[in-house]
Each structure stands twice: as C-alpha cells, then as structure tokens.
Amino acid sequence: MKAKAIDAFIRNEREAKLAVWADRLAERFAERAAKHDREGSFPFENFEELKAAGYAKLTLSEEQGGDGLSLYEWLSVQERLARGDGSTALSAGWHGGMMLHYRETDIWPEPSYSAFCRDVAASGAMINKFASERATGSPTRGGRPQTTAVRVEGGWKLTGRKTYSTLSPLLTDYIVSAGIEGSPEVGDFIIRLGGSDAAEAQTEAGSPFSPDGGALPSPEEIARRAEASARGAAELRAAAGVTLEETWDTLGMRATGSHDIVLENTFVPDEQVMGIYMPGQPKGGVDDGDGWMLHIPACYLGIALAARDYALNFAKNYTPNSLKEPIATLPHIRQWIGQIDSELRLARTALYDIADRWDRLPEERASMRPEFGWVKYNATHLAAQAVDKAMKIVGGASLSRNVPLERYYRDVRAGLHNPPMEDAVLHMLARAALEE
C-alpha cells in the first residue's frame, strides 16, 4: 500500500506507535467536533480521553514519570490530533508545550516543579499560562499586566482579569502573570486550586508505548469522568475566589474554552511563585528559544491535512452527470490538488527540519528563535491557502455545516492571530537581514 502524505515524516518504530495512538484519539475527537463547534462548548470528553491515554505526561521527562518525547515527536502528535479537532489539539498543546519548556529550561523552581510533575504523571493534571488582558493585548507586546499581586503573610493575593484563558473550564492549575503592587516588577504565580488532593482516583494512565497502545475506557466511563471533571473544577474555582466568565464566542476554534478568568484576592503561597523580574529582563534558566511554540503551526497544518484528505476523497468519488469519470480526472482539479500538496510539503518540511535541529543542537536553540517565527508565519499562511483550495475542489457543498470543510476554513484562520505575531516575525527577519 502506498504511504500516506501524513506519514512522510515518520522516521522509526517509536514514531509509528505515536502515530497510531494519536490517530485513534483523533477519530474519537472528530465524532464530537461539529457539536462542540456549533455549541461553542468545551470538549471535556476529549480531555478525559487524553488523560486516560497518557497525553498529559508525553513531554514530561522520564525521570519525572513521563515519556520524554522530543519536540519532533510531540509535534507529530499535535498535527495528527488536529486532524480530528483543531480546538482540542491547540488547547492541549499549551500544556504539552509548557511541560517541554519547563523540562528544558529549569525556570520552574523546586520543590513546586517536582510536585506538579508527580500530579501530571499520576492523575493527568494539566496547566496553562494566563497572561493576556484586554488593556495589554498579546503578552508578546510587552504590556504590563493590570492584574495585581499584593504581598501578604506567607504569600501573595492576586486580583485581576485574564482573557483568552484557554482550557479555563478544565484547569485547576495555572500560571498567572501579575504586576507587583508598588513596584515596576512583574511576577509569574502558580495557582493550584486543588493539587493532587483534588484529582479523582482512577486507573493508571496509558501510554503510546504500552502493550495496549493506550487503550481508552468506554464512552460511558469517559462521559462520567467528564461530568466529574467539569463539576470539580467549578467547585474549586468557587472556593478559591476564581470566577470563570464565558466570553469566548468566536468565528473559529470555538471549543478551546478561552474564556475570561477573574481573580479576587486569590491566595498564592510563597513556594508557588515561579519568579519576579523586571519587564524585559531574562527570567533566568536556560533559553530554549521557545521552540515549544511550534505546536501552533503543527496544529494548523493538521487542520489543513484534514481538509486535503476530505477534498481528495470527494474528488475521487464525485462524478456529476456531465462527466463519465470522477472530477479528479479534470486538469484544474488536479492542479489544485498539486498546489495543496506542494504548499503542505513545503510547510511541513520546514517544521520538522527545525524541530529536529532543536532536538539535536540544544546549544543553538536560543539563536533559532527567528526561524521558529518564519516557520509559524509560513505554515499558518500556507495552511489557510490549502484549505481554501480544498473548498474550491468540493465547490458550493463545502459551505454546508453538514461537512467539516467550513469548520476547517474558520479554524485555520485563527492561526494568523496566534503568537508570534506576523509583524513581529517579519520585523525580526528584516533586522537579521539588515545586520548581516
């Protein structure tokens, strides 16, 4: 059987196991994607399946109880998950990427880091960083947070509102940036609403590398866990002075749960302070170039691959009564298919090449930051172009909400608004060129 395009970057048996594992999850996610997109609801079931399959610990080091995936390996997982549901892949990617980032940089101080890693390995705990605010815009622009941290006995109290808080309906652990009261400094604070005590006892999470390949519980059990997870997170938020305001109602990526989180004198003990620093200054630790953020282009390329596959299947099987053969025989259809594959091969080659270099050359990671930017810039634009052409192949039917193409069309455009921002990437590339 001829190899599929999605498999072009699988290099060995380990990566093949990851592919099978991720594809099985993506199939389950695809069954629910249209419902959650239409409702704008959070896919708790998907995340319970991710937890059960062992996703949360993929990028955790083996010493901390994880699978120790490389960046290259993890991006292949993200791309495949996005073929099933882009919202789920992007949302989960923030957790997976941050665990990879903290594994490589030593920014998260002990013993807090090891304690959280134990919860990730044992119960599938997940985390994200909430930094965006309406007044500051994207945190990559450097605005000072209006969320304020006030010193109190034994720790800090945080008050403020965070926007674009992806995974907020699910999480009971997150990192929040806040300005220090009476100081120009800014801090990163780890809010743990429940910790390991809040984790529901369940069987040990699976793994892509276990004999059963991370077998999943029954749909009924997943539904039970999903309901318990939603209820438990809501109860912990209420007890800690954290409010979830459901503000996320967008064109695309509607199921990421990127609502507003409101903190009202939320207490953070001293041992959960990740760091306090002057804006613009390094946060310490090792500079990894933020290679983990390549999960963003990987996600949008996965969406584009799903659109490609749908269009290919349509072209090979649709024969209007004006033709005697499927439309795949028509020159202009073949041209669009060729352009799609050219665009996706170009973007994916760049993605996996830089990921491989990041894995092999840790001493050069900090200098790769401009390359990460242009990989994301090109991948998101080429992914959008590929989806556009897939819709041309399918024609007017692609606009129907009964087929997934219109969702892919909306979802893939969100990539243009994820960091790093386009103007910043192009400015960085221009500066590098002018400084040669």
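Everything numeric here is computed off the predicted structure, so don't read it as measured data.

What counts and what doesn't
Residues numbered from 1 in each chain as written. Predicted model: local features only at pLDDT ≥ 70, side-chain atom pairs only at ≥ 80, totals over all residues. Heavy atoms only, no water. Helix = DSSP H or I, 4+ residues; strand = E, 2+ residues; numbered from the N terminus. Rg over C-alpha atoms; globule rule 2.2 N^0.38 Å. Buried < 20%, exposed > 50% of the residue type's maximum accessible area, 1.4 Å probe, protein only. Contact = heavy atoms within 4.5 Å. Areas by Shrake-Rupley, 256 points an atom, 1.4 Å probe, with all protein chains shown as cover. Pairing = 2+ DSSP bridges. Salt bridge = Lys/Arg side-chain N within 4 Å of Asp/Glu carboxyl O. Polar contact = N/O pair within 3.5 Å; in protein donor to acceptor, adjacent residues only side chain to side chain. Expected span 1.5 Å × (residues − 1). Bend = angle between axes of the 7 residues up to and from the residue. pLDDT = per-residue confidence, 0-100.

Let's shift gears to the overall build of the chain. Secondary structure summary: the chain contains 11 helices and 8 strands in total. Computed over the C-alpha atoms, the radius of gyration of the chain is 22 Å, within 12% of the 22 Å expected from 2.2 N^0.38 for a compact globule of 436 residues. Projected onto its principal axes, the C-alpha positions of the chain cover 80 × 60 × 40 Å. Looking at the chain residue by residue over its 436 residues, the buried ones come to 55%. The long-range share in the chain, meaning contacts at least 24 apart out of those at least 6 apart in sequence, stands at 76%. Here the chain displays about 19000 Å² of accessible surface, and carbon together with sulfur accounts for 52% of that area.

Of all 7 residues in strand β5 (residues 186-192), 6 are buried, a share of seventy percent or more. Judged from the 7 bridges that link them, strand β4 (residues 173-180) and β5 form a sheet pairing that is antiparallel. Residue Ile175 lies in a different strand from β5, and its bridge partner there is Ile190. Counting the residues that bridge the hairpin from β4 to β5 gives 5 residues, and of these Gly182 lies at a positive phi of roughly 75°.

Moving on, we get to the pattern of salt bridges. If the charged atoms of two oppositely charged side chains come close together, the side chains can form a pair. Per the stated rule, a full pass over the model turns up 41 salt bridges. Across the pair Glu49 and Arg32 runs a salt bridge, and its minimum N-O distance is 2.8 Å. Here Glu49 is found in helix α2 (residues 44-53), whereas its partner Arg32 is found in helix α1 (residues 13-39), with 17 residues between them in sequence. Arg32 matches Glu49 in its accessibility class, with the two residues each being buried. As a salt-bridge pair, Asp37 and Arg401 come within 3.7 Å of each other at their nearest N and O atoms. Placement of Asp37 in helix α1 and of Arg401 in the loop between α9 (369-394) and α10 (405-412) is noted, with a sequence separation of 364 residues between them. A relative accessible area of 5% means that Asp37 is categorised as buried. Among the ionic contacts, a cluster of salt bridges with common partners joins Asp7, Asp23, Arg80, Arg83, Arg308, Asp309 and Asp341.

Tracing the backbone through its elements, the reader meets Ser258 in the loop between β6 (242-245) and β7 (259-269). For Ser258, a relative accessible area of 3% puts it in the buried group. For the pair Ser258 and Ser400, spaced 142 residues apart in sequence, the C-alpha to C-alpha distance is 26 Å. A distance of 2.7 Å separates a polar atom in the side chain of Ser258 from a polar atom in the side chain of Thr256.

Here helix α4 (residues 86-105) spans 28 Å end to end across 20 residues, near enough to the 28 Å set by a 1.5 Å rise per residue. Along α4, the sharpest kink reaches roughly 30°, centred on Gly93. Along α4, 19 of the 20 residues are buried, which leaves the element largely enclosed by surrounding structure. Looking one or two residues past α4, Asp106 carries a phi angle of roughly 60°, positive in sign.

What follows is about unusual backbone geometry. Cis geometry marks the peptide bond from Glu110 to Pro111; its omega dihedral reads 0°. In this fold, Pro111 is placed in the loop between α4 and α5 (112-123). For Tyr164, which is not glycine, the phi dihedral falls at a positive 50°. Summarising the element assignment, Tyr164 is placed in strand β3 (residues 155-165). What makes Tyr164 exposed here is its relative accessible area of 54%. Of note in the backbone geometry, Asp290 takes a positive phi value of approximately 60° without being a glycine. With respect to the helices, strands and loops of the structure, Asp290 is situated in the loop between β8 (273-277) and α7 (295-317). Classification of Asp290 as partly exposed rests on a relative accessible area of 27%.

Burial analysis of α2 places 9 of its 10 residues in the buried class, which makes it a mostly covered element. Within α2 the residues assigned to the buried category are Phe44, Asn46, Phe47, Glu48, Glu49, Leu50, Lys51, Ala52 and Ala53. Buried-residue contacts for α2 involve α1, α3 (71-84), α4, α5 and α6 (219-240).

With 96% of its residues at a pLDDT of 70 or more, the chain shows a mean pLDDT of 95. Contacts of residues 196-201 to residues separated by more than four positions or lying in other chains number 5 contacts, the stretch itself having pLDDT below 50.

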